[in-house]
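# Descriptive analysis of the structure
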Amino acid sequence: LALISDSNSGRQYYALHKPTKQYVVVRVLRKERLLTSPGELQTIKLERELLCTYEHNPERINSPFVCHLKRCFTTSTRLFWVYEYLPSKSLRSLIDRMKTFPDTHVQLYIGELAVALGVLHEFGYSYNNLTSDHVVLDSKGHIKLVNLRSLILIIGKCAELETYSDNSPPLAYISPERVENKKINGATIASDWWSLGIILYELMFAGKYPFRGDGPS
């Protein structure tokens, strides 16, 4: 129906699934590019294994607060990833517009985010890149965690990790140990909870961050 975004790795389209009359988001990826980017290819495989709801996989992440990958299919040159459609913009956009929220709304959003993170941690992954830009509200006002392409596999609770992608959170969300150890692309379960605390502060104080300075340093 419409093009949502266009990037080097592929495009995202707003579409209608005619048999069910449900709106979806279709992400189209070029195989040629994936073959020259091993990190991105590994990320795509991981996302399919963990999120695809069409496959009856007991190891699949099944949470109402994580954006569902409904189906995957392929042609000779393209991969197609079909996600549930979320009509709202990001939580960050909502914060910019609303400024302040009732305490009950803050409790709901943070509680549901905590549940979503807990599910990822049970599967052995750190979200790694949690920001209010990666949280979207569904049509009923519940949160959905999106953009799981930055997941990091946690080996035990070790902070010295290899990432599946180059994604790392903005400085405002990075936990102190990651800055001190200069392991911006390494994460622990604890670093997810730190980022969640930053989002809580945003919701309570009109989008402000708890720590500020004159520059990145």
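Together, Leu-1, Leu-16 and Tyr-23 make up an exposed nonpolar region whose accessible area comes to about 320 Å². Within the secondary structure, Leu-1 is located in the segment before strand E1 (2-6). With a relative accessible area of 69%, Leu-1 lands in the exposed category.

Here we take up the pairing of strand E3 (residues 22-30). Pairing analysis gives eight bridges linking strand E2 (residues 10-17) to E3, with the strands arranged antiparallel. Note on E3: the bridge partner recorded for Gln-12 is Arg-27. A loop of four residues connects E2 with E3, the two strands running antiparallel in sequence, and Lys-21 in this loop sits at a positive phi of about 60°. Pairing analysis gives seven bridges linking E3 to strand E5 (residues 78-84), with the strands arranged antiparallel. Following the sheet pairing, Val-26 is matched in E5 by Val-82.

All right, on to the side chain of His-121 then. Among the structural elements, His-121 can be located in helix H4 (residues 103-122). Excluding anything up to four places from it in sequence, His-121 contacts Ser-126, Ile-189, Asp-192 and Trp-193.

Ranked by size, the top nonpolar core spans 30 residues in total, and within it Leu-91, Tyr-109, Leu-113, Leu-130, Leu-145, Ile-199 and Leu-203 carry the most contacts. Sorting the residues of this core by element identifies helix H2 (38-51), helix H3 (91-98), H4, strand E7 (135-137), strand E8 (143-145) and helix H6 (189-204) as the ones contributing at least two each. Here this core gets eight residues from one element, more than from any other, and that element is H4. Discounting residues that sit within four places of it in the chain, Leu-130 has contacts with Leu-113, Leu-117, Val-135, Leu-145, Tyr-173, Asp-192, Ser-195, Leu-196 and Ile-199. With twelve residues, the next largest nonpolar core counts Leu-29, Cys-67, Tyr-83 and Val-136 among its residues.

So, how was this worked out
Starting from 1, residues in each chain are numbered consecutively following that chain's sequence as written. Totals for whole chains, interfaces and linings use all residues, but because this is a predicted model, local features are given only for residues with pLDDT of at least 70 and pairs of side-chain atoms are given and counted only at 80 or more. Note that the side-chain values use all heavy atoms of the structure and ignore hydrogens as well as water. Patch definition: residues above 30% relative accessible area lacking any salt bridge, with like charges linked at up to 9 Å and the nonpolar side chains Val, Leu, Ile, Met, Phe, Trp and Tyr linked at up to 5 Å. Residue burial considers only the protein chains on display, and all accessible areas are found by Shrake-Rupley using a 1.4 Å probe. Any Lys or Arg side-chain nitrogen found within 4 Å of a carboxyl oxygen on Asp or Glu counts as a salt bridge. Helix and strand assignments follow DSSP, with helices taken as H or I runs no shorter than four residues and strands as E runs no shorter than two, numbered in order from the N terminus. The classification of residues rests on relative accessible area computed with a 1.4 Å probe and restricted to protein chains. Under 20% of the type maximum is buried, over 50% is exposed, and intermediate values are partly exposed. Any two strands with at least two DSSP-identified bridges between them are counted as paired. Any two residues whose heavy atoms approach within 4.5 Å are treated as being in contact. In this text, buried Ala, Val, Leu, Ile, Met, Phe, Trp, Tyr and Cys residues form a nonpolar core when linked through side-chain atoms within 4.5 Å.

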